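# An overview of the molecular structure
Here's the letter readout for the chains.
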Amino acid sequence: NSDDYELKKILADFYRIEKKYTKAINLYSELIDQNKSDVWYMLYLRGICHEQSDNWKMAENDFLMSLKIKRDSPNVLNYLAYGWIERDIRIDESFVMLTDAYNANPDSHYILDSLAWAYFKKKDYKKASELMEKVIDMVPGEAISLDHLGDIYYEMNRKREAAYFWRQAKDLAKPEDNIIEKIEIKL
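As the structure is a prediction and not an experimental result, all values here were calculated from the model.

With that out of the way, let us pick up the overall build of the chain. Tallying secondary structure elements over the chain gives 11 helices and zero strands in all. Starting at the N terminus and ending at the C terminus, the chain contains elements arranged as α-α-α-α-α-α-α-α-α-α-α. Its C-alpha atoms give the chain a radius of gyration of 18 Å, within 12% of the compact-globule value 16 Å for 187 residues. For the chain, the spread of C-alpha atoms along the three principal axes comes to 60 × 30 × 25 Å. Among the 187 residues that make up the chain, the fraction classed as buried is 47%. Intrachain contacts of the chain at a sequence separation of at least 6 include 42% that bridge at least 24 residues. Accessible surface, the chain: about 10,500 Å² in total, of which carbon and sulfur atoms supply 49%.

Written out as structure tokens, the structure is:
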């Protein structure tokens with residue numbers, strides 16, 4: 001059944017979840033070439049695989065192509081904007097995109113985290129802390145968000161609280177979060 005579009009999607013998703021990104025990318029590429037109605041979504045998923053494979057340029061390209069097809073996808077807006085923010089580029093454009101994503105999906109802790117991080121990059125630490133505290137209320141054990149809150153508190157000269165959240169983040173971090181060494185340096 002190698003021509004069955006739906007089965008191919010399931011297999012591509014399986015490979016993505018299992019972190020077999022090259023296999024997932026190949027299948028998503030085949031699905032994109034078949035040009036079904038969900039091309040924007042396949043581009044988004046392939047972009048995630050590229051990003052997880054440390055190929056930001058290809059990921060960015062997929063996210064941008066996805067947004068050309070479906071401009072209002074909160075998840076695509078979030079993923080692309082956060083990627084830019086992490087690279088300290090296009091901060092103002094990212095901020096607008098994240099605001100749009102948040103307005104479309106205010107219950108997503110991922111989007112709220114990204115928006116808080118955008119405020120942090122714009123040096124609005126008060127607003128960043130308010131939003132990141134909401135994220136922590138939504139998902140108390142999310143290591144990356146705890147690390148972000150520590151960074152925000154540190155910039156607000158709330159160093160004890162920063163250290164507290166960094167320790168929590170370090171204890172809860174998984175190896176794939178890639179934050180443990182950075183937190184140890186901060187502590």
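Now that the structure has been shown, the text picks up again.
With that out of the way, let us pick up the pattern of salt bridges. One pass over the structure, following the stated rule, counts 15 salt bridges. Residue Lys-9 is joined to Glu-6 by a salt bridge in which the shortest nitrogen-to-oxygen separation is 3.7 Å. Of this pair, Lys-9 and Glu-6 both sit in helix α1 (residues 5–17), separated by three residues, roughly a single helical turn. Residue class for Glu-6 comes out partly exposed when judged on its relative accessible area of 46%. Residues Asp-13 and Arg-16 are paired through a salt bridge, measuring 3.3 Å at the closest nitrogen-oxygen approach. Linking Asp-13 with Arg-16, this pair stays in helix α1, spanning three residues, or about one helical turn. Residues participating in the shared-partner salt-bridge network are Glu-6, Lys-9 and Asp-38.

On to the environment of Asp-13, then. Overall, the relative accessible area of 22% leaves Asp-13 in the partly exposed class. Placed 140 residues apart in sequence, Asp-13 and Tyr-153 show a C-alpha to C-alpha distance of 37 Å.

Turning to the packing of helix α8 (residues 125–138) against helix α9 (residues 143–155), a few remarks are in order. Relative to each other, α8 and α9 sit at 155°, their axes nearing to 10 Å. With respect to α9, the axis of α8 lies roughly antiparallel. Helix-helix and strand crossings are classified by hand; for α8 and α9 the assignment is left-handed. For the pair formed by α8 and α9, the contact residues are Tyr-125, Ala-128, Ser-129, Met-132, Glu-133, Val-135 and Ile-136 on the first element and Ser-145, Leu-146, His-148, Leu-149, Ile-152, Tyr-153 and Glu-155 on the second. Grouping the constituent residues of the contact of α8 with α9 by class yields nine nonpolar, three polar and two charged.

What follows concerns the packing of helix α2 (residues 21–33) against helix α3 (residues 39–52). It is the contact of α2 with α3, at a shortest axis distance of 9 Å, that shows an interaxial angle of 160°. Taken together, the axes of α2 and α3 lie roughly antiparallel to each other. Both α2 and α3 take part in a crossing whose hand is left-handed. Facing α2, whose interface residues are Tyr-21, Ala-24, Ile-25, Tyr-28, Ser-29, Leu-31 and Ile-32, α3 presents Val-39, Met-42, Leu-43, Leu-45, Arg-46, Cys-49, His-50 and Gln-52. When its residues are assigned to classes, the contact of α2 with α3 shows 11 nonpolar, three polar and one charged.

What counts, and where the lines are drawn
Residues numbered from 1 in each chain as written. Predicted model: local features only at pLDDT ≥ 70, side-chain atom pairs only at ≥ 80, totals over all residues. Heavy atoms only, no water. Helix = DSSP H or I, 4+ residues; strand = E, 2+ residues; numbered from the N terminus. Rg over C-alpha atoms; globule rule 2.2 N^0.38 Å. Buried < 20%, exposed > 50% of the residue type's maximum accessible area, 1.4 Å probe, protein only. Contact = heavy atoms within 4.5 Å. Areas by Shrake-Rupley, 256 points an atom, 1.4 Å probe, with all protein chains shown as cover. Salt bridge = Lys/Arg side-chain N within 4 Å of Asp/Glu carboxyl O. Axes fitted to C-alpha atoms, helices over the stretch in contact; angles between N-to-C directions. Parallel < 35°, antiparallel > 145°, perpendicular 65-115°, else oblique. Left-handed = near helix turned anticlockwise from the far one by under 90°. Nonpolar A, V, L, I, M, F, W, Y, C, P; charged D, E, K, R; others polar.

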